[in-house]
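What follows is each chain in one-letter form.
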Amino acid sequence: MTVKRQLSMVLDLNKCIGCQTCTTACKLMWTNRNGREFMYWNNVETQPGKGYPRDYQNMGGGFDEAGALRAGRQPSQEDYGIPWEYNYEEALMTGTDPWLRPNVKPTWGANWDEDQGEGDYPNSYYFYLPRLCNHCANPGCLAACSRNAIYKRQEDGIVLIDQERCRGYRYCVNACPYKKVYFNEQISKSEKCIFCYPRIEKGLPTACAQQCVGRIRWIGYRDDTEGPIHMLVEKYKVALPLHPEWGTQPNVFYVPPLSPPKYGPDGEMLDESRIPLEYLESLFGDGVAAALDTIRTERQAKADGKGSELMDTLIGYNHAEMFKLS
Ligand code: SF4
Ligand code: SF4
């Protein structure tokens, strides 16, 4: 789908500390009430893990190799996790209950499998994967909507749902393979990340990027050849889309994580990646090995005092310079 300009985001997974500040910033701004309590337009998952909603990667959606929509299913409320409240009044105000406790027994929720990962000590591993709508160039949600309620803005490629046209059929929820459209049962309409467009229109970055304490997020336009998105995605090819095989052409890109060392049975350091390359390729496609090689080479150049444009960008010395919004 052709647009005049495409706003994009790059996230460096080597710098994410899983603090959920981005999640909180998004939630407080957009989804903390009115049927949106279970929605996490931005969430941060531990990988390997089930993700959010639970097992979303096995729910179908997106496009097949011929370009046809693949069948997909909706997550159940249990896959999202039932939002729970706490007995604040009894525990903190009246003192009638000595324990602060949830009002239901939680069995699943966003970030439920935090820091579990895979592997056995001393070779266990995990990393954090922040996820938001990819504002895809070929959005499955848009293609599936029989009401033409979903549209992609010409000026910046942001994908939005026209709340006046939406009738809550939820075809978009089935069709988005990233499960980044949510159904609001209170108003019977679908809702999703809006890339903080009211902030973007004022020249401000999204709330998740503004608040990111790890400085892992860059925002800019794909056609800005002087900008950070072009440098990371096109020039150095170190930023890759999540699940490109799903065919929606995401505009959110990830710098894959380097591995900590792997150890042999006698504690010797092995010349192997602790995070299996095949696992990273199953998420980010064939470009992972080359991207990691480039990062290692440039990191060494920086360490050797030779200088590196790529490393200077990835370090993000100045937070404000990570956003190029004009
Ligand atoms: Fe649509 Fe999902 Fe792509 Fe977002 S990530 S534009 S909701 S298909
Ligand atoms: Fe990661 Fe930044 Fe979100 Fe913290 S605020 S979890 S560092 S993306």
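Residues numbered from 1 in each chain as written. Chains lettered and ligands numbered in written order. Predicted model: local features only at pLDDT ≥ 70, side-chain atom pairs only at ≥ 80, totals over all residues. Heavy atoms only, no water.

## Thoughts on the overall build of the protein chain
Then, number 1: The helix and strand inventory of the protein chain stands at 11 helices and 12 strands.
Then, number 2: Against the globule reference of 20 Å for 326 residues, the protein chain gives a C-alpha radius of gyration of 21 Å, in line with a compact fold.
Then, number 3: The principal-axis extent of the C-alpha atoms belonging to the protein chain is close to 60 × 55 × 40 Å.
Then, number 4: When the 326 residues of the protein chain are sorted by exposure, 51% land in the buried category.
Then, number 5: Of the contacts made within the protein chain by residues no fewer than 6 positions apart, 66% connect residues no fewer than 24 positions apart. (Helix = DSSP H or I, 4+ residues; strand = E, 2+ residues; numbered from the N terminus. Rg over C-alpha atoms; globule rule 2.2 N^0.38 Å. Buried < 20%, exposed > 50% of the residue type's maximum accessible area, 1.4 Å probe, protein only. Contact = heavy atoms within 4.5 Å.)

## Looking at the site of ligand 1
Then, number 1: In the vicinity of ligand 1, the residues found are C133, N134, H135, C136, P139, G140, C141, V159, C176, Y178, V181 and K192.
Then, number 2: Each residue belonging to the shell around ligand 1 can be placed in one class, and the counts come to 8 nonpolar, 3 polar and 1 charged. (Near = heavy atom within 4 Å. Nonpolar A, V, L, I, M, F, W, Y, C, P; charged D, E, K, R; others polar.)

## Comments concerning a nonpolar patch on the surface
Then, number 1: On the surface, a cluster of nonpolar side chains totalling about 540 Å² of accessible area is made up of Y86, Y88, L92, M93 and L100.
Then, number 2: Residue position: L92 is located in helix 3 (residues 88-94). (Patch = residues over 30% accessible without salt bridge, like charges linked within 9 Å, V, L, I, M, F, W, Y side chains within 5 Å. Areas by Shrake-Rupley, 256 points an atom, 1.4 Å probe, with all protein chains shown as cover. Salt bridge = Lys/Arg side-chain N within 4 Å of Asp/Glu carboxyl O.)

## Points about unusual backbone geometry
Then, number 1: Note the cis peptide between Q47 and P48, where omega equals -5°.
Then, number 2: Between Y52 and P53 the backbone carries a cis peptide bond, its omega angle lying at -5°.
Then, number 3: For P53, the position within the fold is in the loop between strand 2 (43-47) and helix 2 (77-80).
Then, number 4: Its identity as a non-glycine residue notwithstanding, N34 has a phi of 60°, on the positive side.
Then, number 5: Counting through the fold element by element, N34 comes out in the loop between helix 1 (21-31) and strand 2.
Then, number 6: Of note in this structure, H135 is not a glycine but carries a positive phi near 45°.
Then, number 7: On the secondary structure map, H135 appears in the loop between strand 3 (127-131) and helix 4 (140-144).

## Comments concerning the nonpolar core
Then, number 1: One finds V10 and F284 to be the most contacted residues of the largest nonpolar core, which totals 78 residues.
Then, number 2: For F284, the contacting residues outside a window of four places in its chain are L13, L129, L240, P241, L242, P244, Y254 and P256. (Core = buried A, V, L, I, M, F, W, Y, C linked by side-chain atoms within 4.5 Å.)

## Digging into the site of ligand 2
Then, number 1: The environment of ligand 2 is formed by 14 residues, the closest being C16, C19, Q20, C22 and C212.
Then, number 2: Looking at the shell around ligand 2 residue by residue, the classes come out as 9 nonpolar, 4 polar and 1 charged.

## Structural notes on the confidence of the model for the protein chain
Then, number 1: Of all residues in the protein chain, 100% attain a pLDDT of 70 or more, and the chain-wide mean is 97.
Then, number 2: Scored as a complex, the prediction yields pTM 0.96 and ipTM 0.94. (pLDDT = per-residue confidence, 0-100.)

## What to know about the side chain of S308
Then, number 1: You can see S308 is positioned in the loop between helix 10 (288-303) and helix 11 (309-315).
Then, number 2: In terms of polar contacts, S308 uses its side chain to reach the side chain of E298, at 2.6 Å.
Then, number 3: Setting aside residues up to four positions removed in sequence, S308 forms contacts with E298 and K302. (Polar contact = N/O pair within 3.5 Å; in protein donor to acceptor, adjacent residues only side chain to side chain.)

## Quick notes on the side chain of K179
Then, number 1: By secondary structure assignment, the location of K179 is in the loop between helix 5 (171-175) and strand 6 (181-184).
Then, number 2: Buried charge without a salt bridge: K179, with D79 as the nearest opposite-charge side chain at an N-O distance of 9.7 Å.
Then, number 3: Within the structure, the side chain of K179 is placed 3.3 Å from the backbone oxygen of R73, a separation counted as a polar contact.
Then, number 4: A polar atom in the side chain of K179 sits 3.0 Å from the backbone oxygen of N174.
Then, number 5: Residue contacts for K179: discarding those within four places in its chain leaves P53, Y56, M59, G60, R73, P75, V173 and N174. (Lys, Arg positive; Asp, Glu negative; His and termini not counted.)

## Some thoughts on the sheet that holds strand 10 (residues 252-255)
Then, number 1: Ordered in space as 8-1-10-9, the 4 strands form an open sheet in which the pairing is mixed. What marks the edges here is a single partner per strand, and that holds for strand 8 (217-221) and strand 9 (240-241).
Then, number 2: In terms of strand pairing, strand 9 meets strand 10 through 2 bridges, oriented antiparallel. The residue of strand 10 that forms the bridge with P241 is F253. (Pairing = 2+ DSSP bridges.)

## Here we look at helix 10
Then, number 1: In this model helix 10 runs 22 Å from its N-terminal to its C-terminal C-alpha over 16 residues, within 8% of the 22 Å that 1.5 Å per residue would give.
Then, number 2: Those residues of helix 10 hidden inside the fold are in contact with strand 9, strand 10, helix 9 (277-284) and helix 11. (Expected span 1.5 Å × (residues − 1).)

## Remarks on the environment of W112
Then, number 1: If you trace the backbone, W112 turns up in the loop between helix 3 and strand 3.
Then, number 2: Judged by its relative accessible area of 39%, W112 is partly exposed.

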